[in-house]
Structures are given as structure tokens and as C-alpha cells.
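Below are the chains, spelled out letter by letter.
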Amino acid sequence: MPLNKFREALRDESIYPTTERIVDYIVNTGERIQLKKYECLIEYNETNDNIYFIIDGIIRRAVINGKGVERTDGFGLCGTMVYSPQCYVLGRPSTVRISTCCETTLLKIPKAEFNRHIDEDIEFCRWMLGMFGLTVCYREMRSDGFNGDAAFRYKWLKEDRPEIIEYVPDKIIASYLNITEVHLSRIKAKLLKGEI
């Protein structure tokens, strides 16, 4: 069942069509790995240039802000491609920490194999370009604060990404929304009362 869900989720990851050939390449080439809840996939200052695709579960991407505090920068769900840009693109140690929020199953593709396939398959290369384009768009939206206050952003998560609300601790969600846990508790209470 998770593989069928993965195949469907992968179709939303690029602006270009996700053909069966693309899905089959990822599924048949990737090494299946299983991580436990809160297990680290890529650690700060580690060099890990592999590409991962989430089959099932949730990952958290964290960064250290200018004040030296770890902050949640994003989440990945079924179908999401996960990697450290510093490692994959520049060959440098990671500036992010990528870890699981619950038991997570991924497909791991080594950089050399992934690059070989990009070089040989124009359809796959174009699909990857569409995926990176969408990533930039989502990052831009995120930098605008979802165009709303914390209550709006929490409601958006609750409606559009309910699995994050269900499986991710409030501390991490508050970090992602850039608010305190106390503020998040107030928002949740107001939502329950129908005040927002």
C-alpha cells in the first residue's frame, strides 16, 4: 500500500508529467531504508550527497538561526525528495539537519547513479527541473510567512498537512511557525472554541 501512495504523491512533485518510467526508475533504483522516530538522516557538518525519496513517514529539516537556535525550516511527506543541497551540489558539509518525526521509509539513490540518470534521460532531467522550480516557489511562499499570521499558518497546516499535526510534536510545529509553544497552545484553544 505505501508504494501505491508513494507513486501517487510523486506525481505532485513536479510541474512536468511524472511518467511511469520516472516512477519505476526511482522505485527500482532506490535502496529501501527504514528509520525510527527522531532518527537523523543527515547531520549538521556531515557530508552525505545521496538523494532520498520518502515512501512513508515525515521528515523535519532544521537549521541553526543567527542566534544559534535550531529552528524547523520545513517538512517532507510521502513523495518528497530529500537531500542536503550543500552536500549534493557543492560537495560541502551539510548546513541542515534532516531527521524523522515518526517511523519513516525512504528510497536512497547514490549521487553518482542519480547524476548518471539525469545525463542519460532527458525526460527525467526535465522532471527534476520542474521539481526544483516548485521547491523554489514553495520556499518563496514560506519566506512570505504563508501570507498570514500564525493562526492562519496553523490552520493551513491542519487542513492541508494533517499528518504533520497528528505526528509532529507541538514544539517542532511552533518552531516551524516561528512562534512559542505557549502561543501555539493559545491558537489551538481558540480553534477548538471556534474563535478563529
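Residues numbered from 1 in each chain as written. Predicted model: local features only at pLDDT ≥ 70, side-chain atom pairs only at ≥ 80, totals over all residues. Heavy atoms only, no water.

Caption draft 1: Structural view of the sheet that holds strand 2 (residues 40–42). Taken together, 4 strands build an open sheet; the order of strands is 2-7-4-5 and the sheet is antiparallel. Both edges of this open sheet fall to strand 2 and strand 5 (70–76), since each of them pairs with a single strand only. If you compare each strand with its neighbour and ignore which way they point, the axes differ by 30° on average. Two strands pair when backbone bridges link them, and strand 2 and strand 7 (residues 97–100) are joined in this way by 2 bridges, in the antiparallel orientation. Among the inter-strand pairings, cysteine 40 is bridged to a residue of strand 7, identified as serine 99. Along the sheet, helix 8 (residues 170–177) contacts strand 4 (59–64) and strand 5; its crossing angle with strand 5, the most-contacted strand, is approximately 95°. (Pairing = 2+ DSSP bridges. Helix = DSSP H or I, 4+ residues; strand = E, 2+ residues; numbered from the N terminus. Axes fitted to C-alpha atoms, helices over the stretch in contact; angles between N-to-C directions. Contact = heavy atoms within 4.5 Å.)

Caption draft 2: Inspection of the state of the cysteines at higher detail. One pass over the full model with this rule turns up 0 disulfides. Distance from the sulfur of cysteine 78, which forms no disulfide, to the nearest cysteine sulfur (cysteine 102) is 11 Å. Residue class for cysteine 78 comes out buried when judged on its relative accessible area of 11%. Cysteine 87 takes part in no disulfide bond, and the closest cysteine sulfur, belonging to cysteine 40, lies 11 Å away. (Disulfide = S-S within 2.5 Å. Buried < 20%, exposed > 50% of the residue type's maximum accessible area, 1.4 Å probe, protein only.)

Caption draft 3: Representation of the sheet that holds strand 8 (residues 104–109) within the structure. If you walk across this open sheet you meet the 4 strands as 1-8-3-6, and the pairing is antiparallel. In this open sheet, the two edge strands, each paired with only one partner strand, are strand 1 (31–35) and strand 6 (81–82). Pairing of strand 3 (residues 51–56) with strand 8 involves 5 bridges; the strand directions are antiparallel. Paired with isoleucine 54 across the strands is leucine 106, a residue of strand 8. Relative to the sheet, helix 2 (residues 20–29) contacts strand 1, strand 3 and strand 8, its axis offset from that of strand 8 by approximately 100°. Strand contacts of helix 4 (residues 111–120): strand 3, strand 6 and strand 8, with the helix running at about 65° to strand 8, the strand carrying the most contacts.

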